[in-house]
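Listed below, chain by chain, are the residues.
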Amino acid sequence: MAGVIIFGLAKSLELALIAIGFSFVFGISGIANFAYGAFYLLGGFLAYIFFTSVGLPYWVAAIVSMIILFVIGALMYRFAVQRIRGAMLSEVIVTMGLGIFIIEMLRATGFIGHNRYLPAFIPGYIEIAGVGIENQRLMIIVIGLLLFLILWAVTRYTRIGLAFRAMSQDELTALSIGLNSNYLAMFSMGIGAVLAVIAALCIIPQGFLTVDGAYEVLIYALAVGVLGGLGSTVGIIVGAFILGYAQTITATLFSSQWVMVVTFLAIVLVLLIKPSGIFGKQKELEERV
Amino acid sequence: MEQGKKQFRKERIDRGIYARSADIFAVSSWQEMTYLLLPRAVPVILLLAMPLILELTGNTYWAKVMVVLAILGIMAMSWDLLRIAGMFSLGQALFFGLGSYVSAALNHYFHWPIFLTIPVGTLGGALLGTVLLIGTLKLRGIYFAMVTLAFPLLLVRAIQATNFLGGTEGVATDAFPNYWVGAYVSMGALLVCFFGFRRLMNSDWGLVARAIGQDDIAVTASGINVFWRKVQVLFIASGAAAFAGTLITHLLMYAGLSSFSLDYSILPVASVVIGGSGNFAGALLGSAILTFATEALRALGPLRIALYSILMVIFALTVREGIFPYIERRYHQFERKAEII
Amino acid sequence: MSTSPVLQVEGITKNFGGVRAVDAVSFDVYSGDFLGIIGPNGAGKTTLLNLITGFLKPDTGKIFYQGKNITGWKPYKICELGVARTLQMVRPFYHLPAYKNIIIPLCSPRALKLSGSKYGERDDIALDYLEEVGFERDTAVPYKPAGILPHGYVKRLELARALAMQPELLILDELFSGMSMSEVASTMFVIEKLREKGITIIMVEHRVKELVRVANRLLLLNFGQKIVEGPPMDVVGSPEAIKAYLGTSEEVEQ
C-alpha cells in the first residue's frame, strides 16, 4: 500500500515533468511543439556526450546541454516556426518534421552499439515505510515539486511571467500593448526545450537512452495534456496524477502488461466525455464568433 | 519615361480554350479535347498498364512496388481529404492499422476469404477510427492532430504488452489468389479513389466540406450541421486508409505492429506536401515520387525517413504550393516576356 | 398579425467568468415585427444574438420560437426552424467565388427541403440571391473570390447568405457598419421588401436614424440589461437612452 502511494507519486511527477515542457509552450504561444520528444532525446544525448566523451563533470554537462537546447528551441522558432506562424497545418508539419529528422538522424548515426546510460543524481536506494525506492525516483519527486513551484512563482511574481500570462490569454491584445510576441514565443520555446532536458536528466537514469523513448515521451506529453487540459498547469498536474496513479495501481494489482491499455482507454474515455480535458481551457464557440 | 534599355515583365496568359458549365466542358475540336483528356488519361493508362508490363518483363519486384504505390497513394489522398475539411491528421497509420488488423483477424481466426475480409476490414477500420476520434471534432484542429499522433503509438504499445492479436509477432494471413488480382485490385482502387474523391469534392457536398476547412463558424451560421459533416468526411477518409491497410495485410501475408508505424503517418503527409494539396493529383504525384525514391534509396535504410521529413519541412517552409500546382500552371498558362511600355 | 409571439425571450443571462454580458433580458417579438436593438458598444447586443441563435447557451432563462423551447439548441437546428442570422465579423469564404459562398447555405437542410434543388441548379439560385441584394448580375463580380470584394459587397454577400436559408425570422448584426450611405439606402430598400413578404426582422444597429424610420419597435440595451423598449420615437427620446449614449448632465459637466 505504501509502495503504491510512493511509486504512484514518483510516476505522477515523472509524467508531469514530461508533460509540462509541451504544455508550457502550447499554453503561451499556441504552438504544439511536436519536436518535443526530439528535444528530450537530444538533451539526454548531449549530456551523455559531454559527460563521457568530453569528460566534463556531470552537472556541467547537464547545464551545457540545457543551454544548447534552449538555443536550439529558440532558433527553431525563429527560423522555422515564425515564418509560418498562424498556419496551423504548417506549424504541425514543420515541428513534426524537424522532430522526426532529429530523432531519426540520431538513430541512424549516434546509437549504433552499446546501451548508453545516464548517471543518477544520487545512486542507490533507500527504504521508506518498508518499501525500497531508488534515490533517483525520490529526486524526481523533489525536482518535480521544486520545478512547479519555480514555474508558479515566476509566472505569478515576475514581469516576464506576467508577459507570458498576457500572451497566453490573448496574443493580439498582448501585441497591442507592446509585448513582442515573437520574442516571447521564442523564449517560451527555449524554456520548453530546457524543461524537456530536465525531464530527460531525471528520467533516463532509470533505464537507458533509447531513440524510441523520444516517441514515448511525446505520447505521454500528449496523453497527459489531453487528459488534464493543455495550457493549464493545474490540468497537467491533475492529469499526470490521474494517469500516474492509474498506471501504478494497474501495474501493482494486475500486471505491467495492462498499463498501456489503461492509458489508451483513459484517453478514449476523456475524449468521449470531456474532450478538452478535465481542466481544459478550450475556448467556447462564441469567443470565436 | 525611361529611355534606353527596354524593360520586360513576366506575363502569364491562360490558354483559353474552354467554357465550362457544371461539370461539362464545351469544346469544339479534337485538339481541345486531347488537351483536356490527356492529363487525365496518362495516369490511368500508366497505372493500368504498368503491372502488365512489369510482369511480362519479369520485374516482379517492381510490380510489388506498384502495389505499394497504390497503398501510399490512397493514404495520401485520404490525408488530403481530411486536410481540406480542416482536420489535420498526424496518424493515418491509425486507420491503416485498424483496417489491417480487422481484416487480418477475420482472415486468421475466422478463416474468412479475402473478398470478404477486405470490405469488412475497411468498414471496421472506418467505424473504429471514427468513433475514436469523434470527440476531437468539436475542438480546435490541433487536438485532432495530437490525438491522431498519439493513438497509433499507444495502440502499438498496448498490443505489444498484452500479446493481443499476435502481439509482437503479428498474425499470418492469406495472400491474393494470384499476382494479377492483387495488382489490379490495387490499381483499380487507386484510380477509383482518385477520380471518386475528385468528383466528391467537386460536388456541393464537397464544397461544404471545403468551406468547413476554411471557416466552420460561417458554415454553422449557414444552417449546416458542421459536426455531422465532419464525421462523414472522417468516415470516408478513414475508410480509404483502412482499405489501404487491408491491402497491405494480404500483400505481405502478415499483419502486425508495423501496420501502426509512424512511417504510414508521415509518408502520406510528405507526399502531399511535396506534390501539392487540394486536388488529389498532387497527392498522387507526391506519393509516386516518394514510392520510387524509397526503392531507389534502399541503401540508405533508416536514414530515408529522416530525408523525407526534412524534405517535408523544406517544402512546407519554402515551396508551399507543391509540385503539381506548378506543373498545372505551366500546362494551362504560358509565360512570356511583355515589354513594359 | 398573430396574437402569440414568434420569439419569446425570458430572463436570459450569460456570464463570462466574472462579467455579466447579458442580464435577465426578456422581450417578445411578434410575426411581421421589425425590432431594432440599439445600445452602446459592449452593451451585450451581439452576445444576446448569439444566445438566441444557439451559438451560446444561456446560464439561466428560456427562449421560445414559434412556441417551441429552443433554449440550448444547436445553431443548425434553430436554422432549420427558419431563423437566419448575419455575423457581425463578416467572414466570407475568401477563396471561393462569391456565388459559391451562397451555395453553402443552399445546402442546409431547410433550403434543400424548401427549394428541392439539385446539383447544378444551385449556381443559378445563388446568382439570383446575389442579384436580390444588389450584385449586378451580368458582370464578373459574382464570380470573383469573396476575399477581394470591397467591404460593402461583402456585407451584402452576408445578407444573401442569410436569405438563402429562406428564413421566417431574420436577425441582422450590424449589417450597415462600414457601408457607404448609398449602400445603406439600397440595402434598406431590400430589407423593406423582405418585410413586405412577411419576414420578421431583428436588427442590431448603431445607425439609429435608419432604424427609427423602418422599425416598429426599438429595444435599448446597456450593460447587458434591457433599459427601454417600445415604439422607436419613445425609446429614442427617453431619458434612459440619452443617459446611455451621452451620459447625464452632471457627467457631461464634469
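1. Thoughts on the overall build of chain C
Counting secondary structure elements, chain C contains 11 helices and 10 strands. Whereas a compact globule of 254 residues would reach a radius of gyration of roughly 18 Å, chain C reaches 19 Å, a difference of no more than 12%. Its C-alpha atoms give chain C principal-axis dimensions of roughly 60 × 40 × 40 Å. Within chain C, the fraction of its 254 residues that count as buried is 54%. In chain C, of all internal contacts separated by at least 6 residues, the share reaching a separation of at least 24 is 66%. With an accessible surface of roughly 11100 Å², chain C has 54% of that area assigned to carbon and sulfur atoms. Measuring between centres, the 29 positive side-chain charges of chain C sit 7 Å from its 29 negative side-chain charges.

2. So, the overall build of chain B
Summing up its helical and strand segments, chain B has 13 helices and six strands in all. Its C-alpha radius of gyration of 22 Å places chain B within 12% of the 20 Å reference for a compact globule of 341 residues. Here the C-alpha coordinates of chain B stretch approximately 80 × 55 × 40 Å along the principal axes. Burial status across chain B gives 54% buried among its 341 residues. Of the contacts formed within chain B by residues at least 6 apart in sequence, a portion of 79% connects residues at least 24 apart. Where the 25 positive side-chain charges of chain B centre and where its 18 negative ones centre are 4 Å apart.

3. So, the interface of chain A and chain B
Between chain A and chain B, the residue contacts involve 44 residues of the former and 44 residues of the latter. Buried area between chain A and chain B, summed over both chains or domains, comes out near 4300 Å², and the portion from carbon and sulfur atoms is 82%. On inspection of chain A and its partner chain B, the count reaches one salt bridge. As a salt-bridge pair, A:Glu216 and B:Arg157 come within 2.9 Å of each other at their nearest N and O atoms. Inspection of the chain A/chain B interface yields two residue pairs in polar contact (both at pLDDT 80 or more). Looking at the side of chain A that touches chain B, the elements that each hand over two or more residues are helix H1 (2-29), helix H4 (88-109), helix H9 (212-228) and helix H11 (259-273) of chain A.

4. Focus: unusual backbone geometry
The phi angle at B:His111 is positive, at roughly 60°, despite the residue not being glycine. Along the polypeptide, B:His111 turns up in the loop between helix H3 (92-109) and helix H4 (114-133). A positive phi angle, close to 50°, is found at C:Ala24, a residue other than glycine. Here C:Ala24 shows up in strand S2 (residues 19-29). For C:Ala24, a relative accessible area of 46% translates into the label partly exposed.

5. Digging into the confidence of the model for chain B
Predicted confidence across chain B gives a mean pLDDT of 85, with 93% of residues reaching 70 or more. Of the regions scoring below 50 in pLDDT, residues 19-23 of chain B engages in five contacts with residues more than four places distant in sequence or in other chains.

6. Notes on the nonpolar core
If you look at the biggest cluster of nonpolar residues, it comprises 196 residues, and the most contacted ones within it are A:Phe22, A:Phe34, B:Leu94 and B:Phe151. Not counting residues within four places of it along the chain, the set of residues in contact with B:Phe151 comprises A:Phe264, A:Ile267, A:Val268, A:Leu271, B:Leu94, B:Leu132 and B:Leu133. Core analysis: the second largest hydrophobic core is formed by 63 residues, B:Ala211, C:Met165, C:Leu211 and C:Val212 among them.

7. Comments concerning the sheet that holds strand S8 (residues 200-204) of chain C
Residues and elements named next belong to chain C. Sheet architecture is open: six strands sit in the order S6-S7-S8-S3-S9-S10, paired in mixed fashion. Edge positions in the sheet fall to strand S6 (83-85) and strand S10 (225-230), since each has one partner strand and no second. Here the average twist between neighbouring strands, direction ignored, is 15°. Sheet analysis places strand S9 (residues 217-222) next to S10, joined by five bridges and oriented antiparallel. Among the inter-strand pairings, leucine 221 is bridged to a residue of S10, identified as lysine 226.

8. Let's talk about the sheet that holds S2(C)
All names here are of chain C. Sheet architecture is open: four strands sit in the order S2-S1-S4-S5, paired in antiparallel fashion. With one partner strand each, in any of the chains shown, S2 and strand S5 (68-69) form the two edges of the open sheet. Pairing of strand S4 (residues 60-65) with S5, which is carried by two bridges, proceeds in the antiparallel orientation. Bridged to phenylalanine 64 within S5 is asparagine 69.

9. Considerations on the pairing of strand S7 (residues 169-173) of chain C
All names here are of chain C. Most of S7 is tucked away, with five of its five residues classed as buried. Every second residue of S7 is oriented toward a common face, with Leu169, Ile171 and Asp173 on one face and Leu170 and Leu172 on the other, all of them buried. Relative to S7, S6 runs parallel, the two being bridged by three bridges. When the sheet's bridge partners are listed, alanine 84 is paired in S7 with leucine 170.

10. So, the environment of A:Asn115
Mapped onto the elements of the fold, A:Asn115 is located in the loop between H4 and strand S1 (125-128). Taking the C-alpha atoms as reference, A:Asn115 lies 8.0 Å from A:Thr210; in sequence the two are 95 residues apart.

11. Observations regarding empty space enclosed by the protein
Counted by the stated rule, this structure contains two cavities of 30 Å³ or more. Taken as a whole, the largest cavity spans an internal volume of roughly 50 Å³. If you go around the largest cavity, the residues you meet are B:Thr220, B:Ala221, C:Thr53, C:Phe55, C:Pro75, C:Ile78, C:Cys79, C:Val83, C:Ala84 and C:Arg85. Listed by contribution, the elements that provide at least two residues to the lining of the largest cavity are helix H8 (216-221) of chain B together with helix H2 (75-81) and S6 of chain C. Partitioned by chemical class, the residues of the lining of the largest cavity number seven nonpolar, two polar and one charged. Along its surface, the second largest cavity is lined by A:Leu222, A:Val226, A:Ile267, B:Met146, B:Val147, B:Ala150 and B:Phe151. At the level of elements, H9 of chain A together with helix H5 (141-162) of chain B are the ones that each hand at least two residues to the lining of the second largest cavity. Looking at which element gives the most residues to the lining of the second largest cavity, the answer is H5(B), with four residues.

12. A closer look at the packing of helix H5 (residues 135-157) of chain A against helix H8 (residues 181-203) of chain A
Residue and element names in this part refer to chain A. The interhelical angle for the contact between H5 and H8, taken along N-to-C directions, is 160°, at an axis separation of 9 Å. Taken together, H5 and H8 sit at an angle that is classed as roughly antiparallel. Counted together, Gln136, Ile140, Ile143 and Leu147 of H5 and Leu195, Ile198, Leu201, Cys202 and Ile203 of H8 form the full contact between these two elements. Within the contact of H5 with H8, the residues separate by chemical class into eight nonpolar, one polar and no charged.

13. Quick look at the state of the cysteines
Residues and elements named next belong to chain C. Applying the stated criterion across every chain yields a total of zero disulfides over all chains. Free cysteine: cysteine 79, not disulfide-bonded; nearest cysteine sulfur from cysteine 107 at 14 Å. Using a relative accessible area of 10% as the deciding quantity, one classes cysteine 79 as buried.

14. Focus on the packing of aromatic side chains
Using the criterion set out here, one finds 15 aromatic pairs over all chains in the structure. Consider the rings of A:Phe24 and A:Phe164, whose centres lie 5.6 Å apart with planes at 80°: the pair is edge-to-face. Within this pair, whereas A:Phe24 is found in helix H1, its partner A:Phe164 is found in helix H6 (residues 159-169), the two being separated by 140 residues in sequence. Each member of the pair, A:Phe24 together with A:Phe164, is buried. For the ring pair B:Phe194 and B:Phe195, a centre distance of 4.9 Å and an interplane angle of 65° mean the geometry is edge-to-face. For B:Phe194, a relative accessible area of 6% translates into the label buried. Above the ring of C:Tyr153, the side-chain terminus of C:Arg156 is found at 4.8 Å from the ring centroid.

15. Overview of H3(B)
Residues and elements named next belong to chain B. Taking 1.5 Å per residue as the helical rise, H3 with its 18 residues ought to reach 26 Å, and the 25 Å between its terminal C-alpha atoms agrees with that figure. Among the 18 residues in H3, 16 count as buried, and that is most of the element. Once H3 ends, the next one or two residues include histidine 111, with phi positive near 60°.

Conventions we followed
- Residues numbered from 1 in each chain as written.
- Chains lettered and ligands numbered in written order.
- Predicted model: local features only at pLDDT ≥ 70, side-chain atom pairs only at ≥ 80, totals over all residues.
- Heavy atoms only, no water.
- Helix = DSSP H or I, 4+ residues; strand = E, 2+ residues; numbered from the N terminus.
- Rg over C-alpha atoms; globule rule 2.2 N^0.38 Å.
- Buried < 20%, exposed > 50% of the residue type's maximum accessible area, 1.4 Å probe, protein only.
- Contact = heavy atoms within 4.5 Å.
- Areas by Shrake-Rupley, 256 points an atom, 1.4 Å probe, with all protein chains shown as cover.
- Lys, Arg positive; Asp, Glu negative; His and termini not counted.
- Charge placed at Lys NZ, Arg CZ, Asp CG, Glu CD.
- Buried area = accessible area lost by both parts, 1.4 Å probe.
- Salt bridge = Lys/Arg side-chain N within 4 Å of Asp/Glu carboxyl O.
- Polar contact = N/O pair within 3.5 Å; in protein donor to acceptor, adjacent residues only side chain to side chain.
- pLDDT = per-residue confidence, 0-100.
- Core = buried A, V, L, I, M, F, W, Y, C linked by side-chain atoms within 4.5 Å.
- Pairing = 2+ DSSP bridges.
- Axes fitted to C-alpha atoms, helices over the stretch in contact; angles between N-to-C directions.
- 1 Å grid on protein atoms, 1.4 Å probe; cavity = no way out; pocket = protein on both sides within 12 Å on 5 of 7 lines; lining within 4 Å.
- Points joined across faces, edges and corners; volume = space filled by probe spheres on them.
- Nonpolar A, V, L, I, M, F, W, Y, C, P; charged D, E, K, R; others polar.
- Parallel < 35°, antiparallel > 145°, perpendicular 65-115°, else oblique.
- Disulfide = S-S within 2.5 Å.
- Phe/Tyr/Trp six-rings, centres within 6.5 Å; stacked < 30°, edge-to-face > 60°.
- Lys NZ or Arg CZ within 6 Å of the ring centre and 35° of its normal.
- Expected span 1.5 Å × (residues − 1).

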